[in-house]
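Analysis of the macromolecular model
The primary structure of each chain is shown beneath.
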Amino acid sequence: MTASKLIAHSPSVPRPTDAQLAWQGLELGVFFHIGVNTFAGREWSDGTLPAESFAPTRLDAAQWVRTAAEAGARYVVLTAKHHDGFCLWPTATTDYSVASSPWRDGRGDLVAEVAAACREQGIGLGLYLSPWDRHAPEYPDPAAYDALYLAQLRELCTNYGELVELWFDGAGSAGRSYDWESIMALTAELQPGAMVFNMGTPTIRWIGNEDGLAGDPVRYAVDSASLDNYTDAVIDLGAARYVPPEADVSIRQGWFWAADDEPKSVDHLLAIYYRSVGMGANLLLNVPPDTRGLIDDADVTRLREWRAELDRRFASPVPGELSQIADGVWEVVFEAPVTFDHLDLAEYLNDGQRVSAHRAVAVGTSGDGAEGPVLAEGRTIGHRRIHAHPPVTTHRIRIELTGAGARLAGVQVHHAGTHEVPEIAYLAPTDEPE
Ligand code: FUL
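Residues numbered from 1 in each chain as written. Predicted model: local features only at pLDDT ≥ 70, side-chain atom pairs only at ≥ 80, totals over all residues. Heavy atoms only, no water.

1. Looking at the overall build of the protein
Note the following rule: Strands here are runs of E lasting at least two residues and helices are runs of H or I lasting at least four, both read from the DSSP assignment and numbered beginning at the N terminus. Note on exposure labels: buried denotes an accessible area under 20% of the residue type's maximum, exposed denotes more than 50%, and partly exposed covers the range between, all computed with a 1.4 Å probe on protein chains only. Residues are treated as being in contact if the distance between any of their heavy atoms lies within 4.5 Å. Each accessible area is a Shrake-Rupley estimate made with a 1.4 Å probe; only the visible protein chains count as cover when residues are assessed.
When its secondary structure is counted, the protein shows 9 helices and 17 strands. Along the first, second and third principal axes, the C-alpha set of the protein runs to 75 × 50 × 35 Å. Here the protein holds 434 residues, and 55% of them are scored as buried. At a minimum sequence separation of 6, the contacts of the protein that also span at least 24 residues come to 75%. Summed over its atoms, the accessible surface of the protein is roughly 17400 Å², and 50% of this surface lies on carbon and sulfur atoms.

And the structure:
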């Protein structure tokens, strides 16, 4: 038996669960950061801002969720509690919550309002519950705080229906231990289908920067993940597991809304899309509600412009007929010659991530069946890999894959009328430095 066959049948390639594959299929989520910070123009506050300052005047969660859905998001994640400890639901664990605010005369439940809007609009709900809590008097006492945190998690996992994702943010927690065994047991008991973001026993991981950018390769099988954006701390997973990444970034500079902030340009958002969804990482785009409790008009407009450009580029895909013609060589045939400037690849992932490199060439463009031009070269394919290239007209593409057991799941092409991928001024270090 050759070495490659040994690897091909090796049980050591981590496999995804159906829930992980379904989550990867969601591709785009929208993050909502709102809390006492919103009313103080702050990013991080220390737990002393008064609960009474939470006073949105026209809050409409349906408008947030509609904005997200119209932008193409299939799930949202709400900061139920950020680092300041202020809870957006009337928790029994602390009075530092919406119950002590003037909003809805202290009878409101923002988690419930967002959950209802998600249900009505058929979009998934995820919740962020910051482990680091700068308000809770229990925080310095790990056992007391673990009990409080578990009680909060139990409320969130019990009262708001099925959750897509639980976001455990590592910020502020470097060097601090929590009772992850109990936290994971509770999550598994109450929300077995929810993805677990980055901490505990994660099923999805942070991409490693807050710019929404994945690099190439994007590894789904990893044995560690970066904890946060502020330290070099790493979460050791013990062994390699299938933990696909989520790339998070804010549409604005801040995570919370501020009057003097503004949304990123369409070009910047397009660049992020190519470097996240187009690289096989989910994109979680933060769109923060303002002090009215609405998504800022400027952000709504920007998202519409972005969606229109994405649709212009990608809403009319032409699928090809896919077949394997030799070991590691696949061919895509179209019924008739097709002109396109984007190649959109999907890897078969049920047996784990197998493609370590790929190369695609058009065949027969010169009329003699010869290969050329090269359309794309790269490493990761993963859930989805989008390559822009100069326009070509052909009815056949050949794709070479490197990697034991590597298989394609689908190939489609797009005629966007452009192969320009906007540059962004700041390119964060890639996920993997190779
Ligand atoms: C970070 C936090 O510190 C930011 O405030 C924000 O919540 C971001 C999504 O994660 O780690």
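2. Things to note about the sheet that holds strand β1 (residues 28-32)
The criterion, for reference: The pairing criterion is simple: DSSP has to find at least two bridges between the two strands. The axes are straight lines fitted to the C-alpha atoms, using for helices just the contacting stretch, and the angles between their N-to-C directions are given from 0 to 180°.
Spatial strand order, β5-β4-β3-β2-β1-β10-β9-β6: 8 strands in an open sheet with parallel pairing. Looking at the sheet topology across the chains shown, the edges are occupied by β5 (195-197) and β6 (205-206). In terms of strand pairing, β1 meets strand β10 (residues 282-286) through 4 bridges, oriented parallel. Paired with leucine 28 across the bridge in β10 is leucine 283. Together, β2 (75-81), β3 (124-129) and β4 (165-167) form the strand contacts of helix α6 (residues 142-159), whose direction differs from that of β3 by roughly 165°.

3. Considerations on helix α8 (residues 266-275)
A large share of α8 lies buried, amounting to 8 of its 10 residues. Among the residues of α8, those classed as buried are Val266, Leu269, Leu270, Ala271, Ile272, Tyr273, Tyr274 and Arg275. Each element contacted by the buried residues of α8 is listed here: β9 (245-250), β10, α9 (297-314), β13 (329-347) and β16 (385-402).

4. Considering the pairing of β9
A large share of β9 lies buried, amounting to 6 of its 6 residues. Residues Pro245, Ala247 and Val249 point to one face of β9 and Glu246, Asp248 and Ser250 to the other, with burial holding for every one of them. Taken together, the 2 bridges between β6 and β9 define a ladder with parallel strand orientation. Residue tryptophan 206 lies in a different strand from β9, and its bridge partner there is glutamate 246.

5. Describing the nonpolar core
The test is simple: Only buried Ala, Val, Leu, Ile, Met, Phe, Trp, Tyr and Cys residues count toward a nonpolar core, and they belong to the same one when joined by side-chain atoms within 4.5 Å.
Among the nonpolar cores identified, the biggest contains 84 residues, and Phe168 and Trp306 are the most heavily contacted of them. Those residues within four positions of tryptophan 306 in sequence are excluded, and the remaining contacts are Leu28, Ala71, Val266, Leu269, Leu270, Tyr273, Leu283 and Leu285. Residues Val332, Leu375, Leu408 and Val413 belong to the second largest nonpolar core, which totals 21 residues.

6. Let's talk about the domain arrangement of the protein
Frequently, the measure chosen for interface size is the accessible area that the parts lose on association. Applicable threshold: Where each domain begins and ends is defined by an automated method or by a domain database. Note on terms: buried area is the combined drop in 1.4 Å-probe accessible area of two parts once they are placed together, counting the loss on both. The salt bridge definition used is simple: a Lys or Arg side-chain nitrogen within 4 Å of an Asp or Glu carboxyl oxygen. Residue polarity is assigned by list, with Asp, Glu, Lys and Arg as charged and Ala, Val, Leu, Ile, Met, Phe, Trp, Tyr, Cys and Pro as nonpolar; anything else, Gly included, falls into the polar class.
In terms of domains, the protein is made up of domain 1 (18-314) and domain 2 (318-414). Taking the mean C-alpha position of each, domain 1 and domain 2 sit 35 Å from one another. Of the roughly 1500 Å² buried where domain 1 meets domain 2, counting both sides, 53% is carbon and sulfur surface. Scanning the region where domain 1 abuts domain 2 turns up 2 salt bridges. Its salt-bridge partner being arginine 384, residue glutamate 27 comes within 3.1 Å of it at the nearest N-O pair. Residue assignment for the side of domain 1 that touches domain 2 shows that the elements contributing at least two residues are α2 (18-26), α8 and α9. When residues of the side of domain 1 that touches domain 2 are assigned to their parent elements, the largest contribution, 3 residues, is made by α2. In the side of domain 1 that touches domain 2, the residues fall into 11 nonpolar, 4 polar and 4 charged.

7. Quick notes on the state of the cysteines
Applied cut-off: Criterion for a disulfide: a pair of cysteine sulfur atoms within 2.5 Å.
Taken as a whole and judged by the stated rule, the model has 0 disulfides. Unpaired in this structure, cysteine 157 has its nearest cysteine sulfur neighbour in cysteine 87, at a distance of 14 Å.

8. Digging into unusual backbone geometry
In this model, aspartate 216 is joined to proline 217 through a cis peptide bond whose omega is 10°. Mapped onto the elements of the fold, proline 217 is located in the loop between β6 and β7 (221-226). A cis amide bond links glycine 372 to the next residue, proline 373, at an omega of 0°. As for its placement among the helices and strands, proline 373 is situated in strand β15 (residues 371-378). Look at arginine 104: it is not a glycine, yet its phi comes out positive at around 50°. Counting through the fold element by element, arginine 104 comes out in the loop between β2 and α5 (110-121).

9. Quick word on the site of the ligand
For clarity, the threshold we go by: Residues are labelled near a given molecule or strand when at least one of their non-hydrogen atoms is within 4 Å of it. Counted as a polar contact is a pair of N or O atoms within 3.5 Å, where, for protein atoms, one must be capable of donating a hydrogen and the other of accepting one, and residues adjacent in sequence contribute only when both atoms are in side chains.
Every residue near the ligand is listed here: Phe31, His33, Trp44, His82, His83, Tyr128, Asp169, Ala171, Glu210, Tyr230, Asp248 and Trp255. One of the side-chain nitrogen or oxygen atoms of histidine 33 is found 2.7 Å away from an oxygen atom of the ligand. Tyrosine 128 is positioned with one of its side-chain polar atoms (N or O) 3.4 Å from an oxygen atom of the ligand. Isolated, the ligand exposes 290 Å² of accessible area, and the fraction of that covered by the protein chains is 98%. By residue class, the composition of the shell around the ligand is 6 nonpolar, 3 polar and 3 charged.

10. Some points on the packing of α8 against α9
Stated precisely, the cut-off is as follows: Here the angle decides the label: under 35 degrees means roughly parallel, over 145 means roughly antiparallel, 65 to 115 means roughly perpendicular, and every other value means oblique. When the near helix sits turned anticlockwise from the far one by under a right angle, the crossing is termed left-handed; a clockwise turn instead gives a right-handed crossing.
Across the interface, α8 lies against α9 with an axial gap of 9 Å and an inter-helix angle of 50°. The angle between α8 and α9 places the two elements in the oblique class. Here the hand of the crossing between α8 and α9 comes out right-handed. Counted together, Val266, Leu269, Leu270, Tyr273 and Tyr274 of α8 and Arg302, Glu305, Trp306, Glu309, Leu310, Arg313 and Phe314 of α9 form the full contact between these two elements.

11. Here's the deal with the pattern of salt bridges
One pass over the structure, following the stated rule, counts 20 salt bridges. A salt bridge links aspartate 216 to arginine 385; the shortest N-O distance between them is 3.2 Å. Here aspartate 216 is found in the loop between β6 and β7, whereas its partner arginine 385 is found in strand β16, with 169 residues between them in sequence. On the accessibility criterion, aspartate 216 (22% relative accessible area) is partly exposed.

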